[in-house]
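The lines below spell out each chain.
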Amino acid sequence: MVNGPATGLPIIQDQYENSIFLQVATGNNLLPESTRLAAQRFSFNAEHDLATILDQIASAQAALDLLHAQRREKMIQINIYNSASAPIRKLANEILSYIFILCCRDSFVTPIPLPTQQQYVLGRICAKWRQISLTTPELWSRIHVDHSIHDRANPYPSFKPSILYPAFLQSATRLIQMTGQVPLSLSFINDINNASPIDPFLPEIGRVTEIYVNGCPNTLEAFFILPLGTLSALRCLVIEGSTIKAVWGSHLLHNVHFRKFSCKASIQRADWLDFLPLAQLTCLIIPKSFLTFEELLRVLSIACHLQEGSFSIDRRSEITSKLPSLRNDSQPIELSELHTLSLTIIDGPPSIDLQRIILPRLCHFNIQSGFNFPWNTHWTSLITRSGILETLRIEDHVLSPIETERILYMAPHLKVLELGSGKMFTSSILQKMSTGKLVPELTNLRCLISLTTADEYGALDLHLDMLEARRKGNTGTHVEKVHFLFFDLDEDEALFPGLDRLKLLAQEGWNIIKSMK
């Protein structure tokens, strides 16, 4: 029989006496001396047992901690072993480099680089990736020069404006070395006082294929005064935010590689069109350089390879050029490659003969004006002739319901429809849209809702019926993005049917917004 740890009494007897003691000691009566001595013995035994249990717990915890540590070590080993046999190790450095190029589309910012730039992130993965990223010239060939960065949130407060230019020179020189001999893309935001931001790039200026400037008249002029032939590889010039006083001379006119010119700034010189190689351009974006309609036709007659164009028409234009005149006033202009056209009519009669422009591949069309024009029905053939129109944005031009339905019928592949003026969709048009007879592929809609008369109070519900029908049925695509423009929406929105329903749909996850026209 096993004895107790302290008294040597048999455990069975000890347990028996303990149970008798518990029965006697549950009250507050005075206990006999023998019972008190038994209580002391039982307490000593219990404390001993507790100490033994605690020792066992400590031993078990130590063993458990050891097992956890062993588990972590084995998991690390497994990761190392799996990494050793990971498929990515089979990729050649050239393939990894190409993947990096596809993933890293952002330009590298200088003079104060940001730690979150993709080029830096790739280099922090491992030593191999760092080496590959540093030796991949294309990752560093898109350089963004921003001398205003010290005016914003600066991750390096020690960079002061006084040392900004030396830092820029050092950074730009290093970047040029890392780009090898690949083409360069340069972008500039804001000039730097009393210094030329293009100096570090002059030794390799012949590799520059793209230039973007925003708010940098001095930078732009620095490029223009370079000797002819210096920018021989330039393919794209984008200008924003600055009024251009000096023109680029013959730098673009005699450059056989130049293809894209975008200028969203005012050009003060009247004959600037004469300095563009129009016949070879594929993209011409000049929304702030106002042309007469006749001048526009002359431009388009020469720029026969355009794929994208943005123009503004103003009969008061002061632009003068030596472009050849058209053979006759009714000569049609065909642009067989143009897929995107944006027009802004500043001041001109609605009788502008846009139908003279033939666009057999037009996919995206935008038109706006400074004030409301009636839609010229002859223009419908301009935008629907291709049969592949996908985007239609019309602002400030009033379409009749009949003409609206005609356009939608002739544009079965329309995906984006934005009408910011004119008349609302009629119930007939909405019914045909809900069944997919009109615009069966529509995914983005912006349209008018007028609540000016009692007859129009149910218009919003009709539009929502159409949207829900397309979502539930198989007759047309779900319109994923909707923007309603409201006319005369009173502050008391509860008075108008459909607004509560619109809010409910938005709460359910529909991408529907409303605003005042």
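Residues numbered from 1 in each chain as written. Predicted model: local features only at pLDDT ≥ 70, side-chain atom pairs only at ≥ 80, totals over all residues. Heavy atoms only, no water.

Description of the packing of aromatic side chains
Formally: Working definition: a ring pair exists when centres of Phe, Tyr or Trp rings (six-membered ring for Trp) sit within 6.5 Å. Plane angles under 30 degrees give stacked, over 60 give edge-to-face, the rest tilted.
Enumeration according to the criterion identifies eight aromatic pairs in this entry. Members of the aromatic cluster, each reached through a chain of ring pairs, are F108, Y120 and W140.

Considerations on unusual backbone geometry
Phi is mostly negative for residues that are not glycine, and the peptide bonds are mostly trans. For the record, the criterion: Only runs of H or I of at least four residues qualify as helices and only runs of E of at least two qualify as strands under DSSP, and these elements are numbered from the N terminus.
A positive phi angle is found at D396, which is not glycine, with a value near 70°. Locating D396 in the fold gives a position in the loop between β14 (391–394) and β15 (397–398). Although it is not a glycine, V439 sits at a positive phi angle of roughly 40°.

Digging into the confidence of the model for the chain
How we decide: Scored from 0 to 100, pLDDT reflects the predictor's confidence in each residue. Contacts are assigned to residue pairs with any non-hydrogen atoms lying within 4.5 Å of each other.
Overall, the predicted model of the chain reaches an average pLDDT of 82, with 83% of residues at or above 70. Across residues 1–12, confidence stays below pLDDT 50; counting only partners more than four residues off in sequence or on other chains, it has 20 contacts. Here residues 150–159 is modelled with pLDDT under 50, and outside its nearest four sequence neighbours on either side it reaches 14 contacts, counting other chains as well.

Details of a nonpolar patch on the surface
Applicable threshold: Grouping into patches uses exposed residues only, defined as over 30% relative accessible area, and leaves out salt-bridged ones; the cut-off is 9 Å for like charges and 5 Å for nonpolar side chains (Val, Leu, Ile, Met, Phe, Trp, Tyr). Per-residue and other accessible areas were derived by the Shrake-Rupley procedure at a 1.4 Å probe size, with only the shown protein chains allowed to occlude residues. The term salt bridge refers to a side-chain nitrogen of Lys or Arg lying within 4 Å of a carboxyl oxygen of Asp or Glu. Accessible area is worked out with a 1.4 Å probe on protein chains only. A residue is then buried under 20% of its type maximum, exposed over 50%, and partly exposed in between.
A cluster of nonpolar residues, L50, I53, L54 and I57, forms a patch on the protein surface that exposes about 370 Å² of accessible area. For L54, the position within the fold is in helix α2 (residues 33–84). In this structure L54 comes out as partly exposed when scored by relative accessible area, which is 48%.

Focus: the pairing of strand β10 (residues 340–347)
The condition is simple: Note on pairing: two strands pair once DSSP finds at least 2 bridges between them.
For β10, a buried count of seven out of eight residues is recorded, marking the element as mostly surrounded by other parts of the structure. With seven bridges joining them, strand β8 (residues 308–314) and β10 adopt parallel strand pairing. Bridging from a neighbouring strand, S312 pairs with T344 of β10. The pairing of β10 with strand β12 (residues 364–369) spans six bridges and is classified as parallel. When the bridges of β12 are listed, T344 appears paired with Q368.

A few points about the packing of helix α3 (residues 93–103) against helix α5 (residues 127–134)
Going by this rule: Angles shown run from 0 to 180 degrees and are taken between the N-to-C directions of axes, each axis being a line fitted to C-alpha atoms and, for helices, limited to the stretch in contact. Each angle gets one of four labels, with under 35 degrees taken as roughly parallel, over 145 as roughly antiparallel, 65 to 115 as roughly perpendicular, and the rest as oblique. Following the grouping adopted for this structure description, the nonpolar residues are Ala, Val, Leu, Ile, Met, Phe, Trp, Tyr, Cys and Pro, the charged ones are Asp, Glu, Lys and Arg, and the polar ones are all others, Gly among them.
At a minimum axis distance of 10 Å, the contact between α3 and α5 shows a crossing angle of 70°. Classified by the interaxial angle, the pair formed by α3 and α5 is roughly perpendicular. Contacts between α3 and α5 involve N93, L96, S97 and F100 from the former and K128, W129, I132 and S133 from the latter. Its residues assigned to classes, the contact of α3 with α5 comprises four nonpolar, three polar and one charged.

Quick look at the pattern of salt bridges
For the structure on display, the rule yields 10 salt bridges. With a closest N to O distance of 2.5 Å, K432 and E405 form a salt bridge. Of the two residues, K432 is situated in helix α11 (residues 427–434) and E405 in helix α10 (residues 401–409); the sequence distance between them amounts to 27 residues. The class for E405 is partly exposed, based on a relative accessible area of 22%. With a shortest N-O distance of 2.7 Å, E468 and R501 are connected by a salt bridge. Of the two residues, E468 is situated in helix α12 (residues 459–472) and R501 in helix α13 (residues 499–507); the sequence distance between them amounts to 33 residues. Three or more residues joined by partner-sharing salt bridges are found here, namely D461, D465, E468 and R501.

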